[in-house]
Amino acid sequence: MRILSAAVASLALTVGAQVATAAPVELKFSHVVAENTPKGQMAIKFRDLVAERMADDVVVKVFPNSQLFGDNKVLEAMLLGDVQMAAPSLSKFQKYTTSLQLFDLPFLFKDMEAVERFQQSDAGQKLLGSLESKGLVGLGYLHNGMKQLSASEALRTPADASGKKFRIMTSDVLQAQFEAVEAVPLKKPFSEVFTLLQTKAIDGQENTWSNIYSKKFFEVQPYITESNHGVLDYLVVTSAEFWKGLDDDVRTELKKALDEAIAHGNKIAAEKADADKQAIIDSGRSEVISLTDAERQQWVEAMKPVWKQFEGEIGADLIDAAAASNN
Ligand code: SIN
């Protein structure tokens, strides 16, 4: 009997030792923006929720400001298992799917409410699965906001942009959008934008109020045109290998924490769109230009033909579904 109890005790010790030493799964979350942005705050919230609720199972480490990977490398790194989560702008998936190019079409959504309605619709939710064949899982959309045009000279009409160099994200739709106003688009990583603007290697760029503010673009761009000509939102992604390799209950809890973090990030996105615009105005460093209806209409007319140009790749039905979310 004594021998049996000793054996049981030793087995319990061994199992106990194994349980105690099983390290939590490490989840590296890499992004390119500052911490005081919707995405930066969402990632921190996610890390904190996971730490509160499931510290024994998963530990989230957040790497902001392109510290770990820049735009053009993060998805490759994810497929290699070097990073487990990221939330690139929807404009940065072109190499993996053409469907998400939808979101880059100029003047497609009239405001962020329309973007939200479309993303939550059946068609929008279906797009989350568009990376499946490439080994990536779309876990949810995250808002940043509507894009504005910043430049070294005042941009009131498309003619003002003609011949000027604009940094764009890696998207052929964005390239076509700037070519439509006879500007010169240059695909460059986010981490290089400030220096390109500061050294005047480029004349302008398009971005949201929170990115223009947090990365100090307004300090080196004397004019920002409030054009609201497109949306800059994100897709939170992970690799299928990582996601499917998690225990079911861990995956469920992680997704719950992520959904809550996204809701938090979306709230911050709405607040920051106003607050960061005001902070830029208050700084006096950059003049914010409001367009008249007639001026805005000129941008719409110049850029909208891009829709037809990409209809074949994106799909006319998808474009119609997205446009219908404005009603
Ligand atoms: C981001 O918001 O993640 C970066 C956007 C950009 O590359 O302009």
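For the structure, check the block above.
This one's a predicted model, so the numbers in the text were calculated from it and none came from an experiment.

So, helix α12 (residues 293-303)
Step number 1: Here α12 has its buried residues at Glu295, Trp299, Val300 and Met303. Along α12, the residues classed as buried sweep out an arc of 145 degrees about the axis, all on the same side. Exposed side of α12, more than 90 degrees from the buried face: Asp293, Ala294 and Glu301 are the residues found there.
Step number 2: Where α12 is buried, its residues contact β5 (148-151), α6 (158-161), α7 (172-179), β11 (287-290) and α13 (305-314).

Looking at the pairing of β5
The side chains of a regular strand alternate, first on one face of the sheet and then on the other.
Step number 1: Going residue by residue along β5, you find Gln148 and Ser150 tucked away on one face and Leu149 and Ala151 tucked away on the opposite face as well.
Step number 2: Bridge analysis of β5 against strand β9 (residues 223-226) gives three bridges, and the strand direction is antiparallel. Bridge assignment links Leu149 to a residue of β9, and that residue is Thr225.

A word on the pairing of strand β8 (residues 204-207)
Step number 1: Burial along β8 is two-sided: Gly204 and Glu206 facing one way and Gln205 and Asn207 facing the other are all buried.
Step number 2: Alignment of β5 against β8, held across four bridges, turns out to be antiparallel. Looking at β8, one finds that Ala151 is bridged to Gly204.

Topic: the site of the ligand
Step number 1: All residues in the neighbourhood of the ligand are listed as Val32, Val33, Lys39, Lys92, Arg167, Met169, Phe190, Asn207, Asn211, Leu232 and Tyr234.
Step number 2: A distance of 2.7 Å is found between an oxygen atom of the ligand and a side-chain nitrogen or oxygen belonging to Lys92.
Step number 3: A total of 250 Å² of accessible area belongs to the ligand in isolation, and the protein chains cover 100% of it.
Step number 4: Its residues placed into classes, the shell around the ligand shows six nonpolar, two polar and three charged.

Observations concerning the environment of Thr97
Step number 1: Tracing the chain through its elements places Thr97 in the loop between β3 (85-86) and α4 (112-120).
Step number 2: What makes Thr97 buried here is its relative accessible area of 9%.
Step number 3: In the structure, Thr97 is positioned 48 residues away from Leu49 in sequence and 31 Å away in space, judged by C-alpha atoms.
Step number 4: Among the polar contacts made by the side chain of Thr97, one reaches the main-chain amide nitrogen of Ser99 at a distance of 3.1 Å.

Criteria and cut-off values
Residues numbered from 1 in each chain as written. Predicted model: local features only at pLDDT ≥ 70, side-chain atom pairs only at ≥ 80, totals over all residues. Heavy atoms only, no water. Buried < 20%, exposed > 50% of the residue type's maximum accessible area, 1.4 Å probe, protein only. Helix = DSSP H or I, 4+ residues; strand = E, 2+ residues; numbered from the N terminus. Arc of directions from axis to C-beta. Contact = heavy atoms within 4.5 Å. Pairing = 2+ DSSP bridges. Near = heavy atom within 4 Å. Polar contact = N/O pair within 3.5 Å; in protein donor to acceptor, adjacent residues only side chain to side chain. Areas by Shrake-Rupley, 256 points an atom, 1.4 Å probe, with all protein chains shown as cover. Nonpolar A, V, L, I, M, F, W, Y, C, P; charged D, E, K, R; others polar.

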